[in-house]
Structures are given as structure tokens and as C-alpha cells.
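# Observations on chain architecture
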Amino acid sequence: MASSHSLLFSSSFLSKPSSFTSSLKRLVYVPTRRFWPRQRHGFSTVFAVATEPAISSTGPKKTEPATVPLPSNESSDKLLKIRHTCAHVMAMAVQKLFPDAKVTIGPWIDNGFYYDFDMEPLTDKDLKRIKKEMDRIISRNLPLLREEVSREEAQKRIMAINEPYKMEILEGIKEEPITVYHIGNEWWDLCAGPHVETTGKINKKAVELESVAGAYWRGDEKRQMLQRIYGTAWETEEQLKAYLHFKEEAKRRDHRRIGQDLDLFSIQDEAGGGLVFWHPKGAIVRNIIEESWKKMHVEHGYDLIYTPHVAKADLWKISGHLDFYRENMYDQMEIEDELYQLRPMNCPYHILLYQRKRQSYRDLPIRVAELGTVYRYELSGSLHGLFRVRGFTQDDAHIFCLEDQIKDEIRGVLDLTEEILSRFGFNKYEVNLSTRPEKSVGGDDIWEKATCALRDALDDKGWSYEIDEGGGAFYGPKIDLKIEDALGRKWQCSTIQVDFNLPQRFDITYVDTNSDKKRPIMIHRAVLGSLERFFGVLIEHYAGDFPLWLSPVQVRVLPVTDNQLEFCKEVSTKLRACGVRAELCHGERLPKLIRNAETQKIPLMAVVGPKEVETGTVTVRSRFGGELGTIPVDDFINKINIAVETRTAL
């Protein structure tokens with residue numbers, strides 16, 4: 001099955017987080033990969049705290065980070081050990097206060113730790129009691145002791161304390177001997193480590209319990225609902241304060257709240273969870289994104305296409321989705337004695353278009369692109385605003401090319417990716433090149449050639465990148481790109497994947513110079529990932545303060561009194577006729593109209609009083625540039641159009 005960021009067999013472009021997946025050692029013996037902790041809101045570790053950004057022509061300027069840098073688990077072994085030990089200390093504290101609580105797993109995650117318990121629901125008051133007990137355990141400076149025991153001894157001890165979840169975990173451990181970590185001689189857990197030497201190594205003022213959430217055991221909704229306690233832990237109290245400041249800023253930027261406040265989108269319960277309604281203002285931004293995307297793709301030699309939302313189920317058998325991806329697909333529907341399926345992917349449709357006629361080597365490369373809406377089943381508990389939904393539109397494209405064209409095509413995709421992302425204010429990326437995994441399809445020669453082509457394209461581009469050995473999809477190597485937002489968070493958006501699998505499954509060919517049939521190379525690629533998720537990232541990147549060229553309403557015309565209303569209507573009509581997104585607001589006193597415009601983050605206010613009516617002018621107030629003075633209406637329109645064309649502020 002494909003890797004977690006595969007276009008072919010994954011929902012990563014919906015919203016799956018990019019970098020909170022932890023290594024197996026982070027868990028207290030969790031036997032299967034699907035239980036690894038994941039990043040919770042689609043962003044990776046924060047390395048420094050950023051405050052309110054100033055808005056520039058293309059995006060928010062990230063202010064200088066606060067003086068307190070925030071280390072990550074990868075950069076600080078000490079921090080990782082602190083967080084892992086905090087999970088154990090918390091579990092010990094919980095069982096001291098709630099003796100009937102049963103423990104399960106307790107890993108570290110990117111900003112802290114969590115532990116799952118089978119117990120009655122917890123309250124905020126309970127969290128405070130647990131934190132106080134944790135502080136007492138930390139103050140006692142108890143040693144963390146590692147012990148190796150036989151499987152039989154581990155079973156005996158688990159049965160003695162009646163911990164059924166630990167017994168199930170033990171059954172999944174294949175290695176021997178079994179390792180156990182003790183806190184003093186009072187509490188122990190199955191664990192591979194690592195930990196600090198004593199609880200006193202933890203700064204109790206740098207630890208905070210954050211929240212409680214429900215979590216199914218083993219991620220299976222048919223099994224027990226557990227209580228998951230999340231906490232954060234840092235090396236110093238200053239780091240904790242910096243993190244909490246960052247957390248508040250992230251909360252202020254939450255796209256779900258801003259989307260409601262600015263009337264951009266909604267999820268309607270009557271329609272069902274994970275199905276996005278784009279309101280008029282949100283639809284304006286979406287249209288700008290789509291039109292920019294289409295224009296740049298045409299300029300880069302892509303053919304734009306549209307394909308159906310459903311297809312016969314047999315198509316998904318050929319593609320392998322029914323074998324590898326069925327749990328994320330909706331139930332089939334029967335139409336005239338044939339089974340049909342809502343599409344979870346666009347790839348098979350693009351292949352069918354390739355196969356519609358005989359292709360020659362002279363025709364390659366063929367590049368097709370589609371803003372294709374797909375549907376994937378997600379558990380209701382995993383849905384999250386625009387970041388994890390059930391219906392979404394991928395900016396999907398596929399390239400069919402010759403082997404010796406791979407490098408140039410990949411380089412072209414990298415250039416297009418940079419052009420699109422920079423247009424929306426994203427100029428910092430983290431790039432990873434993932435190579436052949438242990439299980440794969442395709443021969444050694446083509447894997448080597450494709451991997452070298454990806455590496456050479458990145459080198460030509462001049463981008464720095466990390467190599468993820470063995471992290472590629474089973475069907476080919478790939479490049480993943482994460483964008484960095486105004487808070488320094490990294491979001492998985494773009495991917496480029498070479499595919500040796502689908503061309504074989506669908507038996508697609510071209511005719512070479514000798515009139516022999518050969519198999520083309522297929523490249524999957526997406527730049528934005530999905531429009532829904534990218535819009536959510538945009539909202540949080542700008543905190544809803546979209547630059548002038550992207551703002552759904554660019555100008556709000558405000559009369560001082562209703563005596564100027566007729567002239568304001570003329571101004572509004574003229575602005576819209578010249579392509580400016582303008583609206584007229586009246587019926588309140590001017591100070592309130594201005595406050596409302598500020599609250600709605602309108603870039604420009606055109607105030608009209610008696611003098612402006614007399615002179616055919618407007619007095620302009622810019623959200624980003626302050627008072628701009630009194631300007632003739634035609635000059636105002638000209639300035640706006642120039643600013644939009646150059647994507648600069650006014």
C-alpha cells in the first residue's frame with residue numbers, strides 16, 4: 001500500500017497531518033503502525049514564537065521570532081525524554097487519584113505527550129488535581145529504573161495488577177526480553193524508553209495539562225472509548241510561556257472561527273459532516289485561486305480537463321483502490337444492475353483519457369490537469385474544519401512521459417509549484433525526497449533512474465532537501481513539500497510522485513521509434529493539495545486579513561449620512577463595473593460603520609461626506625496603510641487596479 005502522503009492510495013491531501021507521526025520507540029509498545037501518534041492540526045513543530053505579522057503585498061511578514069526558541073523532539077534528546085517521562089508520571093498520578101483507571105499507551109508527541117485511560121470522563125477540576133499530584137511525584141525526585149524481564153514474568157505481573165490493555169499490548173511485542181520502566185518502586189509500565197534519570201529532572205513549572213479528549217482503543221470505533229489526556233512539557237518555564245503564547249496566537253487564527261466571523265464557509269449538520277458549503281465571500285477567494293491555478297497551468301503546457309464524479313466499480317478494481325483503499329471509499333450504488341462508485345481519486349479517469357487514442361512517442365509528454373472533486377469516508381470524530389473533510393477538490397494533474405523526460409518534467413513541476421505557492425505568500429518550504437521502500441513494484445533500473453531524475457531536478461532547482469530513505473510509495477519515489485506559514489508552522493501541500501504501478505495495471509502504452517509498444521512513465525502531482533485545506537491554511541496564514549488582491553471585498557463605501565447615499569451608490573456601481581469588489585454599507589453612524597469594516601477585515605474604506613459629493617472624490621482609509629487622503633474616484637479605481645495587478649498594498 002502507498003505511503004501516507006500518496007496521491008494514489010491516501011487522503012493526505014485532505015488533511016492528514018504531515019509530521020506528527022512518531023517513531024515506534026515513542027510508544028509504550030504499540031505493535032502496529034496505525035496507532036502511532038499524529039500531529040493534531042496539520043502542522044509540525046514550532047521552532048520559535050511569532051507574534052502578529054504585518055501584512056505585505058503578497059503575504060504576512062513574519063515578525064522576528066521571540067527571544068525564546070522552542071526546541072523540538074528531534075533537536076533535543078533531553079526534551080524528548082522529559083516528555084516521555086511526563087506521560088509516565090501523569091499515568092502514575094492518575095492511578096493514585098483514580099485507582100480503578102486502567103492504563104493503555106502514553107507516547108510523546110511534537111508539543112508534549114498524552115496518555116489514554118479506561119476510566120470515567122474527566123473534568124477540568126480533575127486535570128488540576130492530576131497536575132498537583134504530578135508535581136508531588138516530580139518533587140520527590142524518584143529514579144526511573146529500566147528492567148528486563150521474560151515474557152512469562154511480564155504476563156504474571158500484568159495479571160497481578162489486572163491491566164487487560166497491557167496484556168493485549170504485550171501480545172503484540174515480538175522482541176525479547178521485555179523491557180519495563182519503574183518510577184521508584186511505586187509504579188511501572190511496559191516501555192522501550194528513553195526517559196530522564198529521575199523525576200526531579202523535570203521542571204514542574206514547564207509542564208501543563210491541556211485537555212481531555214475521547215479516543216477509541218486501537219483506533220477502532222467498535223472498541224472501548226478511552227479518556228486521552230494531552231499535556232505539554234518543555235525544558236524551561238520560559239519555553240512553556242512562549243509555547244502558550246504561540247498557542248493563543250494559533251487559536252486566534254483558527255480558520256473555523258474566522259470562517260464563521262467573516263462568513264466564508266460552513267459545515268451544515270443537515271447536509272452531513274465533512275461536507276463544505278462555500279459562502280459567497282469564500283467562493284470569491286476560491287474562484288481567484290482556481291483562475292490563477294488554471295492560467296498558470298495552461299502557461300506551463302497542461303491541458304485542462306473535467307471528469308465524472310462516479311464510475312463503474314470495475315474501474316476501481318483495475319486501479320487497485322478496492323483492494324487497498326476500500327475502507328476510505330463510500331458504499332457502492334447499483335444502477336441498472338451495475339455497481340457504481342463515488343470517486344476517491346482522479347488518477348484512473350486521467351488514464352482513461354490517455355487511452356482514448358493510440359499515443360506515439362512524439363506525443364509525449366502529455367500533461368493533464370483537473371480541479372477534481374473526490375469523496376472519501378472519514379470517521380466523524382476525525383473531521384476538522386477544512387483540514388479533514390469527506391468531499392474535497394484536489395488540484396490534481398498527471399504527466400505521461402518517456403524515461404529520459406522525467407528529470408525535465410519534474411523540474412517543470414518544481415518551477416510551477418514555486419510560482420503558484422509564492423503567488424499566495426508562501427516562500428519557505430521544507431522538501432523531502434523519499435526513496436524506494438522494502439516492498440515495491442518495478443525493476444531496479446527504473447527505480448534508480450527515476451530517483452536520480454528527482455534528485456537531479458531538485459539540485460538543478462537549487463532547493464535544499466532531506467532524503468527519506470525507504471519512505472517512497474510502493475509504486476515509485478516521490479518529492480513532498482511542506483509550506484511554512486506566518487507562525488512558522490509547516491503544512492504538507494505539494495507532492496510529486498513517479499508511478500510504475502498504474503501504467504502496468506491499466507496496460508497503457510505508446511509506440512516508440514521502432515513501432516513497438518512501450519510503457520510510459522506516469523507522474524502524479526498536486527501543488528495545493530486540496531482547495532478546502534489550502535483555503536484553511538490561507539485563512540490561518542493571514543489570520544483572515546487577506547491582501548487587497550485576494551480579499552473577497554476590497555472596498556466598502558461608507559456615507560457620513562444618508563444624504564450622501566445616492567452618490568455612494570454611483571461610486572459602488574462604478575467600482576464594480578471596473579472589476580473592483582465593492583459593497584455599500586449604511587444605516588449606522590460612521591464610527592460604527594468604520595468599526596464594522598475593521599472587524600470584517602475590509603482592506604479599503606471609501607468615506608463619502610458632503611465635500612466628497614461636491615468634488616466627486618472619496619476619502620480613503622487603508623487597513624494596512626492608514627489614511628490615504630481624498631482621491632478622485634477614477635484615480636482611486638486606477639490605484640486599486642494597479643495594486644491588484646502587482647499584488648501590492650494600497
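Residues numbered from 1 in each chain as written. Predicted model: local features only at pLDDT ≥ 70, side-chain atom pairs only at ≥ 80, totals over all residues. Heavy atoms only, no water.

Put simply, glutamate 176 and proline 177 share a cis peptide bond, and its omega is 0 degrees. Tracing the sequence through the fold places proline 177 in the loop between α4 (164-172) and β7 (178-183). Positive phi, normally seen in glycine, also occurs at asparagine 141, with a value near 55 degrees. Even without being a glycine, alanine 543 presents a positive backbone phi close to 55 degrees. One can find alanine 543 in the loop between α14 (531-542) and β26 (555-559). (Helix = DSSP H or I, 4+ residues; strand = E, 2+ residues; numbered from the N terminus.)

Okay, empty space enclosed by the protein next. Going through the model one piece at a time under the given rule, you end up with 3 cavities of 30 Å³ or more. As for the largest cavity, its lining consists of Leu262, Leu264, Lys281, Gly544, Phe546, Ser551, Pro552, Val553, Gln600, Lys601 and Ile602. Classifying every residue of the lining of the largest cavity by side-chain character gives 6 nonpolar, 3 polar and 2 charged. There is about 50 Å³ of room inside the second largest cavity. The wall of the second largest cavity is formed by Trp293, Lys294, Leu304, Ile305, Tyr306, Ala369, Glu370 and Leu371. Elements represented by at least two residues in the lining of the second largest cavity include exactly α7 (280-299) and β17 (366-375). (1 Å grid on protein atoms, 1.4 Å probe; cavity = no way out; pocket = protein on both sides within 12 Å on 5 of 7 lines; lining within 4 Å. Points joined across faces, edges and corners; volume = space filled by probe spheres on them. Nonpolar A, V, L, I, M, F, W, Y, C, P; charged D, E, K, R; others polar.)

Below, the discussion takes up the sheet that holds strand β14 (residues 310-312). In spatial order, the strands read β14-β16-β15; together these 3 strands make up an open sheet with antiparallel pairing. The sheet is open, and its two borders are formed by β14 and β15 (333-335), each paired with just one other strand. Strand-to-strand twist of the sheet, defined as the mean angle between neighbouring strand axes without regard to direction, takes the value 40 degrees. Looking at chain direction, β15 and strand β16 (residues 338-342) are connected through 3 bridges and run antiparallel. Bridged to isoleucine 335 within β16 is glutamate 338. (Pairing = 2+ DSSP bridges. Axes fitted to C-alpha atoms, helices over the stretch in contact; angles between N-to-C directions.)

Below, the discussion takes up the layout of surface pockets. A volume near 370 Å³ is recorded for the second largest pocket. Lining the second largest pocket are 14 residues, with Ile288, Ser292, Arg423, Trp549 and Val644 sitting closest to its centre. Elements with a contribution of two residues or more to the lining of the second largest pocket: α7 and α18 (633-646). Considering every element that reaches the lining of the second largest pocket, the biggest residue donor is α7, with 5 residues. Of the residues contributing to the lining of the second largest pocket, the split by class is 4 nonpolar, 4 polar and 6 charged.

Here we come to the packing of aromatic side chains. Applying the stated rule across the entire model yields 17 aromatic pairs. Ring geometry for phenylalanine 535 and phenylalanine 546: centres 6.4 Å apart, planes at 10 degrees, overall stacked. Taken together, the residues span a long stretch of sequence, with phenylalanine 535 in helix α14 and phenylalanine 546 in the loop between α14 and β26 at a distance of 11 residues. Each of the two residues, phenylalanine 535 as well as phenylalanine 546, counts as buried. One residue, arginine 228, lies across the ring of tyrosine 114, its end atom 4.0 Å from the ring centre. When the ring centre of tryptophan 549 is taken as reference, the NZ or CZ atom of arginine 647 above it lies at 5.8 Å. (Phe/Tyr/Trp six-rings, centres within 6.5 Å; stacked < 30°, edge-to-face > 60°. Buried < 20%, exposed > 50% of the residue type's maximum accessible area, 1.4 Å probe, protein only. Lys NZ or Arg CZ within 6 Å of the ring centre and 35° of its normal.)

Glancing now at the sheet that holds strand β21 (residues 478-484). Overall, mixed pairing links the 8 strands, which are arranged β13-β17-β18-β25-β22-β21-β19-β20 in an open sheet. This sheet does not close on itself; its edge strands, each paired only once, are β13 (303-304) and β20 (466-468). Alignment of strand β18 (residues 391-401) against strand β25 (residues 521-530), held across 7 bridges, turns out to be antiparallel. By the bridge assignment, aspartate 396 is partnered in β25 with alanine 526. Along the sheet, α7 makes contact with β13, β17, β18 and β25, crossing β17 at roughly 160 degrees. (Contact = heavy atoms within 4.5 Å.)

None of the figures reported here should be taken as evidence of function without further support.
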